[in-house]
Amino acid sequence: MEGIAGGFSGALSGLQRRNGRLFLERPGDDAVEVTVRYLRPLTARTELVFLDPKGQEVATLPGLDALPEAERPLVEEALRQRYILSAILRVDRIDVRFGTRYWWVDTDRGPRWFALREPGRNVTWISGSHLILRDTAGNRFEIRDLTSLDRRSQRWIARSL
Amino acid sequence: MHARVAGTFPWRTGVAHRILPGRPWPFPVQPDPPVTLLTPIPPALAGALGRPFDPVVAVRGDLDAHGRFGEVWVASDGDRVVSLGGLADPVDLPLSTLTEVRIDELFGASRLVAVTGDGHHVLAVFSRNLVSEFAALARALEDLREGRPLLLPDRIEAATCPRCGAPLPERGATCPRCLSRTGILRRLLGLLRPYRLRVILLMVWATLGVGAAMVPPLTYKMIADRVLDGAHPEELLLWVGLMLGAFLLSAVCQFLTNWSNAWLGARVVADMRALLHARAQKLQLTYHHRHESGALVGRVMSDTGELQHFLIDGMPYFLVNVLSFVSISVILVTLDWRLAILVFLPVPVLVLGGAGFWRVLRPLFHKHGNRIGRLHTILSESIHGVQAVKSLAQERRRESEFEGANEQLFGVHVGVDRTFQAFFGTMSVMMALGTVLVWYAGGRAILEGTTGIGLGTLLAFVGYMALFYGPLQWFSAVLNWATNALTAAERIFAVIDQPEEGLTRGPAVAPGRVRGHIRFERVRFSYERGREVIRGMDLDVAPGEMVGLVGKSGAGKSTMINLVSRFYDPDSGSVVVDGVDLRDLDLAAWRRQVGVVAQTPFLFNGSILENIRYGDPDASFERVVAAARAARAHDFIAAKEDGYDTVVGDGGSTLSGGERQRVAIARAILHDPPVLILDEATSSVDSETEQQIQEAIAALVEGRTTIAIAHRLATLRNADRLVVVEDGAIVEQGSHEELLALDDGHFARLVRLQTEINRLRAEQVVWKE
């Protein structure tokens with residue numbers, strides 16, 4: 001062993017999409033079905049890990065760049081389908097009733113009305129202006145840059161959180 | 001950054017601007033009709049199939065094929081499964097071609113997938129709001145696919161409020177938006193009903209006190225108008241005496257009000273705490289499973305504390321001040337309405353200012369609390385983790401982290417105090433302004449002498465004004481306080497209103513001593529909807545038989561014994577004892593017949609004697625000794641300085657693991673249940689203790705139907721039958737030898753793995769020495 005270098009696998013290629021599933025061709029072996037995930041889904045959506053159906057690691061990559069250009073869209077699509085994290089674009093109102101905060105928001109997936117409780121536990125501050133919310137049902141919402149929201153939205157958030 | 005989606009809200013575009021009748025703004029969106037297991041499919045969509053379609057199950061999903069919030073229907077008519085809408089091509093598959101219907105967990109959502117020979121078909125993607133509905137749908141599709149009769153759950157607890165459509169804090173909870181404050185207040189006051197007389201007395205004191213406080217300013221007027229102008233000098237003593245009497249009466253009444261209220265407030269809170277504790281004991285285990293125990297303890301202690309605070313300090317304040325506010329207003333207007341208007345002039349400013357002040361202060365308080373919490377965390381981490389910090393050489397970093405948090409707290413602290421001071425400053429100026437106005441206008445009126453306002457009236461006004469303004473600035477504070485207290489009350493009532501466990505379906509069957517014939521009939525169970533941990537299990541345990549459950553952790557063994565103890569009820573299927581469904585059996589009577597020896601037995605803080613007797617406090621000491629002897633515990637207990645009176649400490653902390661185990665076994669033996677549940681400890685103890693525990697268990701098992709989660713070889717050998725559980729289903733059963741003989745069997749594999757681990761452990765011991 002040479003120290004602990006080599007956290008990432010080398011370049012990966014041979015990804016294919018069949019019947020809505022992702023497969024990895026392996027030279028001299030059967031193709032294996034893989035699912036792709038982010039290693040740091042909250043703080044940095046860059047590094048990727050590919051898992052086989054049993055949940056065992058097949059490969060870990062530093063990012064999409066480690067894939068041949070032709071295969072990137074496949075992975076991007078798979079990631080887009082797995083990570084249902086709505087980006088909040090505008091906050092229209094936040095109401096507090098008996099400790100439950102109701103948010104009316106517009107997101108990149110469309111308008112939504114959700115309930116938030118115990119912000120101490122369900123709001124993760126990634127940085128001073130980047131936060132991820134978990135509503136009472138377990139859905140995730142993200143505000144990537146608080147300062148890029150309009151002033152009204154910012155005022156609602158500042159008053160509530 | 002992101003492109004703004006403009007005009008996506010119906011109430012903004014005005015196209016579908018609908019505000020529900022009777023509901024106040026904000027109520028922007030007409031809520032979607034609730035999702036049921038037979039949600040009507042829009043005819044236009046069903047028409048796309050080009051054939052008549054009569055669904056037996058249909059669920060609406062809330063994300064479309066592009067991952068946007070939308071609508072998609074998944075339905076089946078018993079022959080085919082279809083997915084309609086969702087902006088993708090419809091899926092239309094014969095159920096017979098499916099090999100599996102399953103739910104894939106995604107990040108923040110899930111999807112329903114139909115697996116066929118030629119691939120995976122995503123039927124729908126749905127948000128976490130619909131987990132229960134789609135879990136039921138998946139199970140229904142599996143039933144249909146395998147040709148079983150369709151068994152839909154009787155009801156799924158609503159995720160949205162049926163009245164206003166708001167997302168509920170949790171399924172089946174009361175909707176905070178539809179909750180009325182007055183309703184909660186009424187319920188809270190309802191708790192006072194048993195103490196009616198004291199309440200009436202309290203009201204009497206309060207009213208009397210306020211009445212007395214109204215008198216002194218009137219005496220100023222009398223002294224000025226009748227005595228000082230020389231008309232009735234002999235009356236001076238009379239009015240001064242009246243003033244003194246009124247002051248005294250007011251003080252006494254105030255004391256009595258607070259005196260009786262201290263009792264009442266504490267009484268109500270104590271009642272509530274008792275109610276809450278009793279209810280927490282009877283709650284279904286599902287509640288405890290879903291909520292952290294800390295939250296419940298917090299509810300019992302801090303929420304009731306908040307309530308007490310409000311009831312003892314807030315309520316009388318409110319009562320007394322509303323009374324004096326009204327009476328002073330009436331008196332002022334009667335004395336002179338023109339001056340009264342001047343007094344009232346600053347009132348809106350005081351009230352609105354107070355409200356505004358609280359709006360500023362509340363988030364500051366919140367921040368203050370958060371930052372104190374953060375500081376606490378850092379401090380306790382630094383102290384508890386001092387070794388880790390030192391060994392990673394991160395003292396500097398801890399220091400700067402603490403400093404950062406400390407400075408932040410300092411900032412908020414200054415903010416809070418300055419806001420307070422600014423508020424008080426502004427308020428005194430406003431009040432002073434009122435006083436100045438009254439003196440000016442009153443003074444002019446007296447000088448002109450035409451308005452009928454005399455010196456007496458002016459003095460009375462000045463006297464009343466002090467009583468009038470003071471409390472006003474705190475009105476909004478008390479309202480704020482009331483909101484918090486009502487929130488606490490709501491949380492408490494929410495627990496009190498939870499369903500009790502152990503409700504039988506019909507009249508409860510009270511069993512005599514059961515024989516102990518236990519059967520699982522197609523039992524399905526999940527702690528959380530959508531994650532089934534027992535998948536259609538059948539098992540038959542004969543009276544007196546000892547069955548050992550074997551399998552990896554998470555296979556469902558503990559759930560099986562929880563179902564036998566009826567800590568939970570199956571989602572479908574049934575657990576049957578001597579031919580009677582557990583749900584028809586009187587719960588307490590059943591539990592008395594089930595002995596449980598848990599993996600980490602829980603001992604109550606008390607003596608060993610009390611612990612062994614816990615299930616049967618009247619047992620004679622001789623029987624206790626007999627049970628302890630059978631449990632191989634008598635020797636070690638006798639050897640202790642305090643013998644059977646040895647106090648075991650919190651959770652049994654003064655005993656060793658093996659000792660605790662044997663005390664628990666003695667407790668179970670004394671309990672003498674026909675059915676025994678044994679959850680063996682995985683942790684290893686020294687071999688002598690091990691042998692004693694084995695002997696104790698052997699004594700305990702004798703003649704009882706036993707279901708054991710077995711880890712130890714001896715237990716596995718002693719069991720009449722081993723049942724291998726994997727992934728919520730039984731995969732193998734038979735005796736120890738039979739299962740070992742199956743070369744490729746699950747059990748044989750588990751044992752091989754275990755032997756390997758033991759070998760490694762043994763080597764480790766040698767190496768250590």
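The following paragraphs examine the structure supplied in this document. Treat the numbers as computed from the prediction; the structure is a model and nothing was measured. (Residues numbered from 1 in each chain as written. Chains lettered and ligands numbered in written order. Predicted model: local features only at pLDDT ≥ 70, side-chain atom pairs only at ≥ 80, totals over all residues. Heavy atoms only, no water.)

## Section: helix 18 (residues 621-630) of chain B
Residues and elements named next belong to chain B. Taken together, the buried positions of helix 18 are Val 624, Val 625, Ala 627 and Ala 628. Seen end-on, helix 18 carries its buried residues on one side only, within an arc spanning 160 degrees. On its buried face, helix 18 sits against helix 17 (608-612), helix 19 (634-639) and helix 20 (657-671). Directly after helix 18, the chain includes Arg 632, whose backbone phi takes a positive value near 55 degrees. (Buried < 20%, exposed > 50% of the residue type's maximum accessible area, 1.4 Å probe, protein only. Helix = DSSP H or I, 4+ residues; strand = E, 2+ residues; numbered from the N terminus. Arc of directions from axis to C-beta. Contact = heavy atoms within 4.5 Å.)

## Section: the pattern of salt bridges
Residues and elements named next belong to chain B. This structure, assessed with the given rule, holds 41 salt bridges over all chains. A salt bridge links Arg 102 to Asp 104, with the shortest nitrogen-to-oxygen separation between them at 2.8 Å. A relative accessible area of 15% places Asp 104 in the buried class. Close ionic contact of Glu 448 with Arg 444 constitutes a salt bridge, the shortest N to O distance being 3.1 Å. Of this pair, Glu 448 and Arg 444 both sit in helix 12 (residues 395-448), separated by four residues, roughly a single helical turn. Overall, Arg 444 belongs to the partly exposed group, its relative accessible area being 43%. A cluster of three or more residues bridged by salt bridges with shared partners is formed by Glu 142, Asp 143, Arg 145, Glu 146 and Arg 148. (Salt bridge = Lys/Arg side-chain N within 4 Å of Asp/Glu carboxyl O.)

## Digging into the interface of chain B and chain A
Interfaces are often sized by the accessible area lost when the parts come together. Of the residues lining the interface, 50 residues belong to chain B; the matching set on chain A comes to 50 residues. A combined buried area of about 4400 Å² lies between chain B and chain A, and 57% of that area is made up of carbon and sulfur atoms. Seen at the junction of chain B and chain A, the total is one salt bridge. Here Asp 62 of chain B and Arg 112 of chain A are joined by a salt bridge, their closest N and O atoms 3.2 Å apart. Put simply, the parts of the chain that give the side of chain B that touches chain A at least two residues each are helix 1 (10-13), strand 1 (57-63), strand 6 (109-116), strand 7 (119-127), helix 4 (181-190), helix 10 (347-384) and helix 14 (475-496) of chain B. Of all the elements, strand 7 of chain B adds the most residues to the side of chain B that touches chain A, at four residues. A class-by-class count of the residues in the side of chain B that touches chain A yields 26 nonpolar, 12 polar and 12 charged. (Buried area = accessible area lost by both parts, 1.4 Å probe. Nonpolar A, V, L, I, M, F, W, Y, C, P; charged D, E, K, R; others polar.)

## Some words on the sheet that holds strand 9 (residues 531-541) of chain B
Residues and elements named next belong to chain B. A sheet is described by the order of its strands in space; here four strands give the open sequence 9-8-11-12, paired in antiparallel fashion. Of all strands in the sheet, those with a lone pairing partner are strand 9 and strand 12 (580-581), marking the two edges. Taken together, the eight bridges between strand 8 (residues 518-528) and strand 9 define a ladder with antiparallel strand orientation. Looking across to strand 9, one finds that Phe 525 is bridged to Ile 534. (Pairing = 2+ DSSP bridges.)

## Let's talk about the nonpolar core
Residue and element names in this part refer to chain B. Among the nonpolar cores identified, the biggest contains 40 residues, and Ile 608, Ile 612, Ile 637, Tyr 644 and Ile 665 are the most heavily contacted of them. If sequence neighbours within four positions are ignored, Ile 637 has contacts with Ile 608, Ile 612, Ala 628, Gly 643 and Tyr 644. Core analysis: the second largest hydrophobic core is formed by 34 residues, Met 427, Ala 445, Ile 453 and Leu 472 among them. (Core = buried A, V, L, I, M, F, W, Y, C linked by side-chain atoms within 4.5 Å.)

## Some details on the layout of surface pockets
Residue and element names in this part refer to chain B. In this model, the second largest pocket occupies a volume close to 1400 Å³. The wall of the second largest pocket is formed by 30 residues, among which Phe 567, Arg 591, Val 596, Phe 604 and Arg 667 lie closest to the centre. Of all the secondary-structure elements, those providing two or more residues to the lining of the second largest pocket are helix 6 (236-282), helix 7 (285-290), helix 15 (557-564), helix 16 (587-592), strand 13 (594-597), helix 20 and strand 14 (675-679). For the lining of the second largest pocket, the class distribution of residues is 17 nonpolar, eight polar and five charged. (1 Å grid on protein atoms, 1.4 Å probe; cavity = no way out; pocket = protein on both sides within 12 Å on 5 of 7 lines; lining within 4 Å. Points joined across faces, edges and corners; volume = space filled by probe spheres on them.)

## Some words on the pairing of strand 1 (residues 15-18) of chain A
All names here are of chain A. Both strand 1 and strand 2 (residues 21-24) contribute to a ladder of four bridges, which runs antiparallel. Residue pairing across strands places Arg 18 opposite Arg 21, the latter belonging to strand 2. The turn linking strand 1 back onto strand 2 is made up of two residues, and Asn 19 within it adopts a positive phi angle of 50 degrees.

## Examining the packing of aromatic side chains
Tallying each qualifying case throughout the model produces 20 aromatic pairs over all chains. Ring geometry for Tyr 83 of chain A and Phe 107 of chain B: centres 5.0 Å apart, planes at 40 degrees, overall tilted. You can see Tyr 83 of chain A sitting in the loop between helix 1 (72-82) and strand 6 (85-97) and its partner Phe 107 of chain B sitting in the loop between strand 5 (98-105) and strand 6, one on each of two chains. Note on Phe 107 of chain B: relative accessible area 13%, which makes it buried. Considering the side-chain rings of Phe 344 of chain B and Phe 468 of chain B, the 5.8 Å spacing of their centres and the 50 degrees angle between planes classify their relative orientation as tilted. Of this pair, Phe 344 of chain B sits in helix 9 (residues 337-344) while Phe 468 of chain B sits in helix 13 (residues 455-472), and the two are 124 residues apart along the sequence. Taking the relative accessible area as the measure of exposure, Phe 344 of chain B reaches 27% and is therefore partly exposed. If you follow Arg 187 of chain B out to its NZ or CZ, it ends over the ring of Phe 493 of chain B, 3.9 Å from the centre. Sitting over the ring of Trp 263 of chain B, Arg 198 of chain B keeps its end group 3.6 Å from the ring centre. (Phe/Tyr/Trp six-rings, centres within 6.5 Å; stacked < 30°, edge-to-face > 60°. Lys NZ or Arg CZ within 6 Å of the ring centre and 35° of its normal.)

## A look at a nonpolar patch on the surface
Residue and element names in this part refer to chain B. Judged by side-chain polarity, Leu 197, Ile 200, Val 204, Leu 208 and Leu 249 come together as a nonpolar surface patch covering roughly 470 Å² of accessible area. Element by element, the count of residues in the nonpolar patch is highest for helix 5 (residues 196-227), at four residues. Tracing the backbone shows Leu 208 in helix 5. Residue classification places Leu 208 among the partly exposed residues on the basis of a relative accessible area of 40%. (Patch = residues over 30% accessible without salt bridge, like charges linked within 9 Å, V, L, I, M, F, W, Y side chains within 5 Å. Areas by Shrake-Rupley, 256 points an atom, 1.4 Å probe, with all protein chains shown as cover.)

## A word on the packing of helix 10 of chain B against helix 12 of chain B
Packed helices, taken two at a time, are described by the angle their axes make and the gap between the axes. Residues and elements named next belong to chain B. In contact at an axis separation of 9 Å, helix 10 and helix 12 are set at 160 degrees when each is read in the N-to-C sense. One element, helix 10, and the other, helix 12, form an angle in the roughly antiparallel class. Where helix 10 crosses over helix 12, the handedness of that crossing is left-handed. Partitioning the contact of helix 10 with helix 12 into residue classes produces 21 nonpolar, nine polar and six charged. (Axes fitted to C-alpha atoms, helices over the stretch in contact; angles between N-to-C directions. Parallel < 35°, antiparallel > 145°, perpendicular 65-115°, else oblique. Left-handed = near helix turned anticlockwise from the far one by under 90°.)

## What to know about unusual backbone geometry
Residue and element names in this part refer to chain B. For Asp 672, which is not a glycine, the phi torsion comes out positive at approximately 50 degrees. Along the chain, the position of Asp 672 falls in the loop between helix 20 and strand 14. Phi is positive for Asp 727, which is not a glycine, with a value near 55 degrees. Within the fold, Asp 727 resides in the loop between strand 16 (721-726) and strand 17 (729-734).

## Digging into the sheet that holds strand 14 of chain B
Residues and elements named next belong to chain B. Strand order in the open sheet made by the six strands is 13-14-15-10-16-17, with mixed pairing throughout. Only two strands of the sheet have a single partner each, and these edge strands are strand 13 and strand 17. Between one strand and the next, the sheet's axes are offset by a mean angle of 20 degrees, whatever the strand orientation. Bridge analysis of strand 10 (residues 546-550) against strand 16 gives four bridges, and the strand direction is parallel. In the strand pairing of strand 16, Gly 548 is matched with Leu 722. Contacting strand 10, strand 14, strand 15 (705-709) and strand 16, helix 15 crosses the sheet at an angle of about 150 degrees to strand 15. Across the face of the sheet, helix 20 comes into contact with strand 13 and strand 14 while running at roughly 175 degrees to strand 13.

## Points about the packing of helix 9 of chain B against helix 12 of chain B
Residue and element names in this part refer to chain B. Where helix 9 contacts helix 12, the axes come no closer than 9 Å and their chain directions differ by 160 degrees. If you check the angle between helix 9 and helix 12, you find them roughly antiparallel. For helix 9 against helix 12, the interelement crossing comes out right-handed. Across the interface between the two elements, Leu 339, Leu 342 and Val 343 of helix 9 pack against Leu 437, Val 438, Ala 441 and Gly 442 of helix 12. Residues belonging to the contact of helix 9 with helix 12 are distributed by class as follows: six nonpolar, one polar and no charged.

By themselves these figures say nothing about function.
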